[in-house]
Amino acid sequence: MSESDADAIASYVVQAVADLVVAIGPGSELIWANRAAEERIGYSNAELQGMALVELVHPDDHETAMFSLASVVTKEYGTLIEIRVRDSSGQYSWFEVRGRRLDHPDHPGAVAIVARESTDRHQWQLGAGDPDQLSSILDAAPTISMFLAPDGAIRGANRALTRLLHLPLEGTLGRSVLDLVVPADRERVRAEVDALSGTGGTVHFEATFATGRGGELPLSVTVVDLLADRAVQGFVVAASDISALVEARTELRHLATHDELTGLPNRANLRERLESVLADAGESGATLLFADVDGLKSVNDNHGHRAGDALLVEVAARLRSVTRTEDFVARLSGDEFVMVISATDATAVAQVQARIDEIISRPYALPDGTRIALSLSTGVAATAPGLSAEDLLAAADAAMYVAKRDRERRLAADSNAD
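The structure presented is a predicted model; accordingly, all values stated were derived computationally and were not measured.

Enquirer: Got a sec to walk through the packing of aromatic side chains? Specific residues and values, please.
Expert: Across all of its chains, the model carries zero aromatic pairs by this definition. Above the face of the Tyr364 ring, Arg318 is positioned so that its terminal group lies 3.7 Å from the ring centre.

In structure tokens, the structure reads:
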């Protein structure tokens, strides 16, 4: 291939590329532009020739552009810079620009510049390089954003920190992020961040933070390790309020372990409590009182299930009122209640039973105003080595049915005597 052929091909390639290619004279004037530059900027080659470079560059970028242009003549390649360039309609767009000495015999000191548009990428960048806009965007965000030093000290934070935690930004900067975490969670948070440090990865966890008003706020926390990033050299933290989620979880756990009508622990909760008592070798033992409400079917039949439900709620409240803090009251189903008394001593158990019988025997007022009396048939079973939770429940249940039959026989005998 002859030299003229090579020059022709090179000229064709420069005209065909999508990047803008221009030549700048020693006086920073344009002396040539390829077809892509003409089409994108909107000026013909003839119009561009002789135009000062600063006429096309955003005023805020003049110094950057001129400094970079002057530095190119002292080295083979210039540094990649980003500047805004104006087209013929007056609109500015972002371009990545790099220059190189042209070394053309007819244009000593000239520089060839290649520019690639980066406006689309800037549209995806928060603030698009405008620090004031970026600050406003971050401050309006509903989640807390923090920038931490390698030792965990807070270097910066957005206004969500004040809105959610009621802490002043000025008084928070420089403090360790662990100072904001409730004492119970600090070691766990420290371990999470320590394990992340130096990995360049991300960790997610939940932790409770203390508020400036003396309260607590559960947060979902994401920490990104940017220690190796020369522009950051620290951790970036995002934290969002999960109070509603925590409340929903608590409610779901309560529903799963408590009776919906009375609010007492349910069968699953009772079994868990019994298994805990039986597994703890340090326990002094416990006694189960398995109670059935006498006459509930009659109330349901004569006054309706609404009255029966109200009666069960009142029974549950009375049982709670006379059992001790260390005791446990649960509703199994229907009219069956179980009390776990933290004692096996017969005297102590009898005292509890006496308090229960006394308060249950007090008259009840049904929703329709009717006043009735109730009683409980109660079976008793004490914990012993080798017994399971189901064994205890079965033994107490069987004892309860014996007590109910004895009561019914007494009532029948009394009725016949009359």
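Enquirer: Please provide a residue-by-residue account of empty space enclosed by the protein, values included.
Expert: The full count for this structure, using the stated rule, is four cavities of 30 Å³ or more. Taken as a whole, the largest cavity spans an internal volume of roughly 280 Å³. Secondary-structure elements contributing two or more residues to the lining of the largest cavity are β1 (20–24), α4 (62–72), β3 (81–86), β4 (92–101) and β5 (111–117). Across the lining of the largest cavity, the residue classes tally to 20 nonpolar, two polar and one charged. Together, Met146, Leu148, Val177, Val181, Val189, Val193, Phe205, Phe209, Val221, Val223 and Val237 line the second largest cavity. Those elements that provide at least two residues to the lining of the second largest cavity are β6 (144–148), α9 (183–196), β8 (202–210) and β9 (216–226). Grouping the constituent residues of the lining of the second largest cavity by class yields eleven nonpolar, no polar and no charged.

Enquirer: A description of the nonpolar core should follow, citing residues and the corresponding values.
Expert: Here is a general trend for soluble globular proteins: nonpolar side chains tend to be buried in one another's company. Counting residues in hydrophobic clusters, the biggest one holds 29 residues, and the most contacted among them are Leu311, Val315, Leu319, Phe337, Met339, Ile356 and Ile360. Going through the elements one at a time, β11 (287–294), α12 (296–303), α13 (305–322), β13 (336–341) and α14 (346–360) are the ones with two or more residues in this core. In terms of residues, this core owes the most to one element, α13, which gives seven residues. Apart from the residues within four sequence positions on either side, Val315 is in contact with Val293, Phe337, Ile360, Tyr364 and Leu374. Among the nonpolar cores identified, the runner-up in size contains 27 residues, and Leu165, Val181, Leu196 and Ala239 belong to it.

Enquirer: Pulling in residues and values, what's your account of α14?
Expert: The end-to-end C-alpha separation of α14 is 21 Å, in line with the 21 Å expected for 15 residues at 1.5 Å each. Residues of α14 that are buried include every one of Ala348, Val349, Val352, Ile356, Ile359 and Ile360, and no others. In an axial view of α14, the angular spread of the buried residues amounts to 100 degrees, which keeps them on one side of the axis. Its side-chain oxygen at 3.1 Å from the backbone nitrogen of Thr347, Asp345 defines the N-terminal cap of α14.

Enquirer: Break down the sheet that holds β9 for me, citing the residues and quoting the values.
Expert: Taken in spatial order, the five strands line up as β7-β6-β10-β9-β8 in an open sheet, and their pairing is antiparallel. Of all strands in the sheet, those bounded by a partner on one side alone are β7 (154–157) and β8. Across this sheet, the average inter-strand angle for adjacent strands is 25 degrees, counted without regard to direction. Most of the contacts of α9 go to β8, to which it runs at about 155 degrees, and overall it touches β8, β9 and β10 (234–241). Contacting β8, β9 and β10, helix α10 (residues 243–257) runs over the sheet at an angle of about 120 degrees to β9.

Enquirer: Go over the layout of surface pockets, please, and point to the residues and values.
Expert: One number sums up the size of the largest pocket: a volume of about 520 Å³. When grouped by side-chain class, the residues that make up the lining of the largest pocket number eleven nonpolar, four polar and four charged. Of the voids in this model, the second largest pocket is the one considered here, and its volume is about 320 Å³. In terms of lining, the second largest pocket is formed by 15 residues, of which the most central are Leu138, Ser145, Met146, Phe147 and Val236.

Enquirer: Break down the pairing of β5 for me, citing the residues and quoting the values.
Expert: With five bridges connecting them, β1 and β5 associate as antiparallel partners. For Ala23, the partnering residue across the bridge sits in β5 and is Ala112.

Enquirer: Just give me the short version of the packing of α13 against α14, but keep the residues and values in it.
Expert: Running from N to C, α13 and α14 point in directions that differ by 145 degrees, and their axes come no closer than 9 Å. In the crossing of α13 with α14, the sense of the turn from one axis to the other is right-handed. Seen from α13, the contacting residues are Val315, Arg318, Leu319, Ser321 and Val322; seen from α14, they are Arg355, Ile356, Ile359 and Ile360. Along the lines of polarity and charge, the residues of the contact of α13 with α14 split into six nonpolar, one polar and two charged.

Enquirer: Which residues make up the pattern of salt bridges, and what are the values?
Expert: As enumerated under the stated definition, the model contains 19 salt bridges in all. Put simply, Arg40 and Glu117 hold a salt bridge, and the shortest N to O gap is 2.9 Å. You can see Arg40 sitting in helix α2 (residues 35–41) and its partner Glu117 sitting in strand β5, a full 77 residues away along the chain. For Glu117, a relative accessible area of 37% translates into the label partly exposed. A salt bridge links Arg190 to Glu187, with the shortest nitrogen-to-oxygen separation between them at 3.4 Å. Note that Arg190 and Glu187 are positioned in helix α9 at a spacing of three residues, about one turn of the helix. Each of Asp292, Asp294, Lys404 and Arg407 takes part in a single network of salt bridges with overlapping partners.

Enquirer: Could you give an account of the pairing of β13, with specific residues and numbers?
Expert: Consecutive side chains of a regular strand alternate in pointing toward one face of the sheet and then the other. β13 sits mainly inside the fold: six of its six residues count as buried. Here β13 shows no split at all, with Glu336, Val338 and Val340 on one side and Phe337, Met339 and Ile341 on the other all buried. Note: strand β12 (residues 328–333) against β13, five bridges, orientation antiparallel. Across the sheet, residue Ala330 finds its bridge partner in β13, namely Val338. As consecutive antiparallel partners, β12 and β13 are separated by two residues, and within that stretch Gly334 has a phi angle of approximately 50 degrees, a positive value.

Enquirer: Account for the sheet that holds β13, naming residues and giving values.
Expert: Two orientations exist for strands paired in a sheet by backbone hydrogen bonds: parallel and antiparallel. As summarised here, the arrangement of the four strands in space is β12-β13-β11-β16, forming an open sheet in which the pairing is antiparallel. Each edge of the open sheet is held by one strand with a lone partner, namely β12 and β16 (375–382). For this sheet, the mean angle separating the axes of adjacent strands, direction not counted, is 25 degrees. Note that β11 and β13 share six bridges and pair antiparallel. Note that in β13 the partner of Ala291 across the bridge is Phe337.

What counts, and where the lines are drawn
Residues numbered from 1 in each chain as written. Predicted model: local features only at pLDDT ≥ 70, side-chain atom pairs only at ≥ 80, totals over all residues. Heavy atoms only, no water. Phe/Tyr/Trp six-rings, centres within 6.5 Å; stacked < 30°, edge-to-face > 60°. Lys NZ or Arg CZ within 6 Å of the ring centre and 35° of its normal. 1 Å grid on protein atoms, 1.4 Å probe; cavity = no way out; pocket = protein on both sides within 12 Å on 5 of 7 lines; lining within 4 Å. Points joined across faces, edges and corners; volume = space filled by probe spheres on them. Helix = DSSP H or I, 4+ residues; strand = E, 2+ residues; numbered from the N terminus. Nonpolar A, V, L, I, M, F, W, Y, C, P; charged D, E, K, R; others polar. Core = buried A, V, L, I, M, F, W, Y, C linked by side-chain atoms within 4.5 Å. Buried < 20%, exposed > 50% of the residue type's maximum accessible area, 1.4 Å probe, protein only. Contact = heavy atoms within 4.5 Å. Expected span 1.5 Å × (residues − 1). Arc of directions from axis to C-beta. Polar contact = N/O pair within 3.5 Å; in protein donor to acceptor, adjacent residues only side chain to side chain. Pairing = 2+ DSSP bridges. Axes fitted to C-alpha atoms, helices over the stretch in contact; angles between N-to-C directions. Left-handed = near helix turned anticlockwise from the far one by under 90°. Salt bridge = Lys/Arg side-chain N within 4 Å of Asp/Glu carboxyl O.

Shape is all these values report; function is a separate question.
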